[in-house]
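# A closer look at the structure
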Amino acid sequence: MKLRLLIPLVATAALLGLLFLGLGQNSRDLPSPLVGKPAPPFALEALEDAEVILTEQDFIGEVALVNVWATWCSTCRSEKPLLMELARGGIPIHAFNYRDERDAALRYLSVSDNPYRTIAYDPVGDAGIDWGVYATPETYVLDAEGVIRYKRIGPLTRQLLLDEVLPLIERLRAETPRAERRARQAKRIAPS
Amino acid sequence: MMSRLLILPLAWLLPTGLAMALAIGQPLEFSSEAQRRQYDSLVRELRCTVCQSETIHESNAELAADMRRRVYDMTLAGHDADAIVDFMVQRYGDYVRYRPPLQANTLLLWASPALLLLGGGVVWWRVVAGRRGGVGRAEFTAAERAMLDRLRQGEDAGRPQ
Amino acid sequence: MVAELGNFALVLALCLALAQSVLPLLGARLGDARLMRSARSLAAGQFVFLSLSLAVLAWAFVAGDFTVRYVAGHSSLEQPLIYRLTAVWGGHEGSLLLWVFLLGAWGAAVAGFSQSLPREMLARVLAVLGMVGVGFIAFTLFTSNPFERIVPGPGEGRGMNPLLQDPGMILHPPLLYMGYVGTAVVFAFAMAALLGGRLDPAWARWSRPWTTLAWVFLTLGIAVGAWWAYYELGWGGWWFWDPVENASFLPWLTATALLHSLAVTEKRGGFKVWTLLLAIVTFALTVLGAFIVRSGVITSVHAFATDPERGVFLLGLLTLTLFGSLTVYAWRAPRVGLGGGFAWCSRESLLLANNVLLTVACVAVFIGTLYPLALDALGLGKISVGPPYFDAVFAPLMLPLLLLVGLGPAVAWKQANPGEAFRQLRWVLLISVVAGGLWPLSLGAWHPLTALSLMLACWIVLTALLDIRKRLGSARQPLVARLRKAMRPSFLGMHLAHGGLALVVVAIAMVNTYEVERDVRLAPGQSASAAGYDFTLQRMERIRGPNWEADQAVVEVAREGRPVARLTPQRRYYDTHAEMPMNQASLDRAPTRDVYVSLGERLDGGAWSFRLYYKPYMAWMWCGGLLLALGGLLAAGDKRYRLAASRAARLMPGPATGQPREVASR
């Protein structure tokens, strides 16, 4: 009899504990199963020039960030200064201009800083689906082999950069032998 | 339900403001009835990952529209339902499936109704077996019966059976 | 200054609730009649101040006092008056104030209508209600105060979410909250019984009408919510197994089980311990529901705007409720008697099976709702559990229950003869199988599960009719006497409610199987057809409402050349939320089908996209919901319970010492 009455008490305690854990959960941690997988292929026009077709190969070659942004996204605008700092610090940033209008995007970039090295124009979110984009802004870290190593849904923050992104980039860079990186850079620069 | 209507999605998750209206776009053409059925059932089982509890069928969020279009394209291209679900799961995780797959971490979920029913059946049987002996036993103690009799004086003539 | 008055009234209500949760208990303990009597005046006072508080908030909305943050966030000047009033409960803070106001109303009602209860009992019931009041009023005051100011206030409010500017908003939240809060009364009765050690059949009679009433409101609240979602969301869905919906469904399931278990406790003195546990669990589930809805823990993607403080507070309330009540339960419950024995074929055993099925269904839905949270909290992955899962799990549990619904009332208490029961019911069984089997053919294709559901629905209705006929008895007695006997409200109420359930089952089976949905593109003058109906777009027009503009389509619906209806679906753009167009679907309702049109986007070439629906038997669902509630209302109003209470007061005052009286246990 005693035991039978204890069971509800224990079950209740377990439930409450679970709910408490649930409260402490970081709700922004959306699943990103692409981490650890190669960058998904795509073929899109470059934002600046509709004649140029960009593919995932244009994002691959060295440790880099891929940022998903749009002009209608105010959070993207507020995270751009951080991206500028990263770009000035020598970290290549590629981008998807997501569900945007080409003119608006070009105008926006012409009157403000442009942290992006390559911008693929994705007006209908095609590559967005392939890359598992939830919403803007999102930021991926690619290693030199083009494998996605990190994904952030939502805006980057300085704290996040210091705690997670920059140490990861350091580590990934160390993984890639310097010489090999140089060679790739040379190859990339040569045709252009 | 109303409470469902109350919750607004995150502003940063949604492109052009809040997309609350119903998703009704261009009617879709399919090359076969089977394809239409596959599309209809898939869009009702995939979750709009940025919405509050909506399938991509209902949601008017742009991401849901993109996902619908991808489901449509893949269906037309001849991919079967499993392949399309796999494609989505690879990009958005199991979170995108409203029908959770049967795997290690959902074993308990899928097994629980059967286990519960079994447990309930055992409880029913044991209780009934335990009480069967007491069919002759009075349901109330003498004091309770006296009290009930007094209570019943207030009722009209027709006794409950 | 007026908002501060509301705040002040709320503080006073909290103080009274505090007193109400302590003094009467003390009185019952010491046998002090004055302290016990104070419960009633305290409950009345609490209600008065809560009413004042709610009235003040309503006034702030009517007057458009945008220095009150909540008012500015949920209304605008051009919002029609009725929606400025309903905006009182259009957001978290105000809906919580409505919640505590209704709690006060239930408390005052218990104090007013249960004067005939033994005074210790009433004192304890009101004290427990006082404690619940303390918890929720404190939650409102300290974490979600609707009277908070912003200075300077904006010149214009942000307006209420257009989805909520609808007649459904007037009815649904108050009804649902009445149900939620009603479970607190049920809980208070159970706790009072445990505290007083008084768990006799008289107790079951006193708490039964309150339980039934709470269940009626819960039923109506859920039904109106479904009805609202059906026409408002524009896709014709009425139930999505969303965590927030499940939060209201879980207590409904246990309350339904409780109603049936209480019948055994009252009539046969059995299932006492179980009845008490159900009463506790039902209330705990409503608190859990509040936690799920208001803490943002389940729909964690959207936890952005919610305040973790609220979640912690509600979790604290839930913990107190559960541990407080379960401790008292563990301490007292073993002392109560078992009640009479019964055979395996008896109404008791069938009601037990009903309770087992309802409980299993409730736990299954509970697990499905919380499973994603559990996995996430334990770091085991992120999954979604949605309609495909719940449909697969819930239907198989409900089908046997439907069989029991028809069987139960036909089987005698204590011990029945299974052969005899079968002989009585075999024709009904046969007719149900044939009718249910043929019915789907009227709509085309035949599906086994649909046919089975329809058979069970027929079964429920026919067994009820048979039972009523049996009650009417032989023709020898005068008809009036027979009618009086048969039409006893609690008996009739039961069968009405069961019939309502049958209607809901028919609607669900039919609409799930035979619903037709078509997306079409129409330019003015063009037509399309779905399910035998032709839809012709006459013209598009632009219209202006009080605080919105809309594109409106005029669609003629015809069947075989004969006009059926003229539908006017709209796409509305509210002034305060112009970027968020709203679908206003248009329906033509008929007894066995709804025709439903939603207007989509403007396409090129002057055409628009439309979604056409044919929804068979939807009206039966709403009728069924009403019948369920009506049946409950009839049963709750049965004179028997009121007489029982008033007699009890005169004939058997509780023990004067106030010491717990033990009921003999076996």
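Let me sum up the structure you'll find in this document. (Residues numbered from 1 in each chain as written. Chains lettered and ligands numbered in written order. Predicted model: local features only at pLDDT ≥ 70, side-chain atom pairs only at ≥ 80, totals over all residues.)

### Brief notes about the overall build of chain C
Tallying secondary structure elements over chain C gives 19 helices and 10 strands in all. Relative to its length of 666 residues, chain C is compact, with a C-alpha radius of gyration of 27 Å against a globular reference of 26 Å. Buried positions account for 60% of the 666 residues belonging to chain C. Partitioning the contacts of chain C with sequence separation of at least 6, the portion at a separation of at least 24 is 75%. (Helix = DSSP H or I, 4+ residues; strand = E, 2+ residues; numbered from the N terminus. Rg over C-alpha atoms; globule rule 2.2 N^0.38 Å. Buried ≥ 20, exposed ≤ 12 C-beta atoms within 10 Å, placed from the backbone. Contact = placed C-beta atoms within 7 Å.)

### Quick word on the overall build of chain B
Scanning chain B from terminus to terminus reveals six helices and zero strands. Ordering the α and β elements of chain B from the N terminus gives α-α-α-α-α-α. Split into buried and exposed, the 161 residues of chain B put 41% on the buried side. In chain B, the proportion of contacts linking residues at least 24 apart, taken out of those at least 6 apart, comes to 54%.

### Digging into the nonpolar core
Residue and element names in this part refer to chain C. Counting residues in each nonpolar core, the largest one holds 302 residues, and the members touching the most others are Phe 189, Ile 280, Val 506 and Ala 507. The element that contributes the greatest number of residues to this core is helix 8 (residues 201-232), accounting for 20 residues. When neighbours within four sequence positions are excluded, Ile 280 is seen to be in contact with Phe 187, Ala 190, Ser 325, Leu 326 and Tyr 329. (Core = buried A, V, L, I, M, F, W, Y, C linked by C-beta atoms within 7 Å.)

### Comments concerning helix 2 (residues 33-63) of chain C
The terminal C-alpha atoms of helix 2 of chain C lie 45 Å apart, and with 31 residues this matches the ideal 45 Å at 1.5 Å per residue to within 8%. Within two residues after helix 2 of chain C, Gly64(C) carries a phi angle of roughly 65°, on the positive side. (Expected span 1.5 Å × (residues − 1).)

### Description of the environment of Leu358(C)
Residues and elements named next belong to chain C. With respect to the secondary-structure elements, Leu 358 resides in helix 12 (residues 347-377). A tally of 25 C-beta atoms within 10 Å means that Leu 358 is categorised as buried. Residues Leu 358 and Trp 252, 106 residues apart in the sequence, show an inter-C-alpha distance of 9.9 Å. With near-sequence residues (within four places) excluded, Leu 358 lies in contact with Leu 253, Thr 256 and Ala 257.

### Examining the sheet that holds strand 1 (residues 516-522) of chain C
All names here are of chain C. Taken in spatial order, the four strands make up an open sheet running 1-10-9-8, and their pairing is antiparallel. With partners counted over all chains shown, the strands left at the sheet margins are strand 1 and strand 8 (586-590), one partner each. Pairs of neighbouring strands in the sheet enclose a mean axial angle of 15°, with direction left out of account. Relative to strand 9 (residues 593-602), strand 8 is paired through five bridges, and the arrangement is antiparallel. Within strand 9, the residue paired with Leu 587 across the bridge is Tyr 596. (Pairing = 2+ DSSP bridges. Axes fitted to C-alpha atoms, helices over the stretch in contact; angles between N-to-C directions.)

### Comments concerning the packing of helix 15 (residues 448-472) of chain C against helix 17 (residues 489-514) of chain C
All names here are of chain C. Packing of helix 15 against helix 17 leaves a shortest axis separation of 9 Å and a crossing angle of 165°. Classified by the interaxial angle, the pair formed by helix 15 and helix 17 is roughly antiparallel. The crossing of helix 15 and helix 17 is left-handed. Along its contact with helix 15, which presents Thr 450, Ser 453, Leu 454, Leu 456, Ala 457, Ile 460, Val 461, Ala 464, Asp 467, Ile 468 and Arg 471, the element helix 17 presents Phe 491, His 495, His 498, Gly 499, Leu 501, Ala 502, Val 505, Val 506, Ala 509 and Thr 513. Here the residues of the contact of helix 15 with helix 17 are counted per class, giving 13 nonpolar, six polar and two charged. (Parallel < 35°, antiparallel > 145°, perpendicular 65-115°, else oblique. Left-handed = near helix turned anticlockwise from the far one by under 90°. Nonpolar A, V, L, I, M, F, W, Y, C, P; charged D, E, K, R; others polar.)

### Here's the deal with the packing of helix 7 (residues 168-196) of chain C against helix 8 of chain C
All names here are of chain C. Their axes nearest at 7 Å, the elements helix 7 and helix 8 cross at an angle of 155°. Classified by the interaxial angle, the pair formed by helix 7 and helix 8 is roughly antiparallel. Remark: the crossing between helix 7 and helix 8 carries left-handed chirality. A class-by-class count of the residues in the contact of helix 7 with helix 8 yields 19 nonpolar, nine polar and one charged.

### Considering the environment of Val134(C)
All names here are of chain C. With respect to the helices and strands, Val 134 occurs in helix 6 (residues 119-143). Taking C-alpha positions, Val 134 is 9.4 Å from Val 100, a pair spaced 34 residues apart along the chain. In contact with Val 134, not counting residues within four places along its chain, are Leu 14, Ala 17, Leu 18 and Ser 21.

### Thoughts on the sheet that holds strand 6 (residues 138-142) of chain A
All names here are of chain A. Taken in spatial order, the five strands line up as 5-4-3-6-7 in an open sheet, and their pairing is mixed. Here the strands that pair on one side only, and so sit at the sheet edges, are strand 5 (118-122) and strand 7 (148-153). Recorded for the sheet is a direction-independent mean angle of 15° between the axes of neighbouring strands. Bridge count for strand 6 against strand 7 is five bridges, and the pairing is antiparallel. Paired with Val 141 across the bridge in strand 7 is Tyr 150. In this fold helix 5 (residues 158-175) packs onto strand 6 and strand 7, with an angle of close to 165° to the strand it touches most, strand 7.

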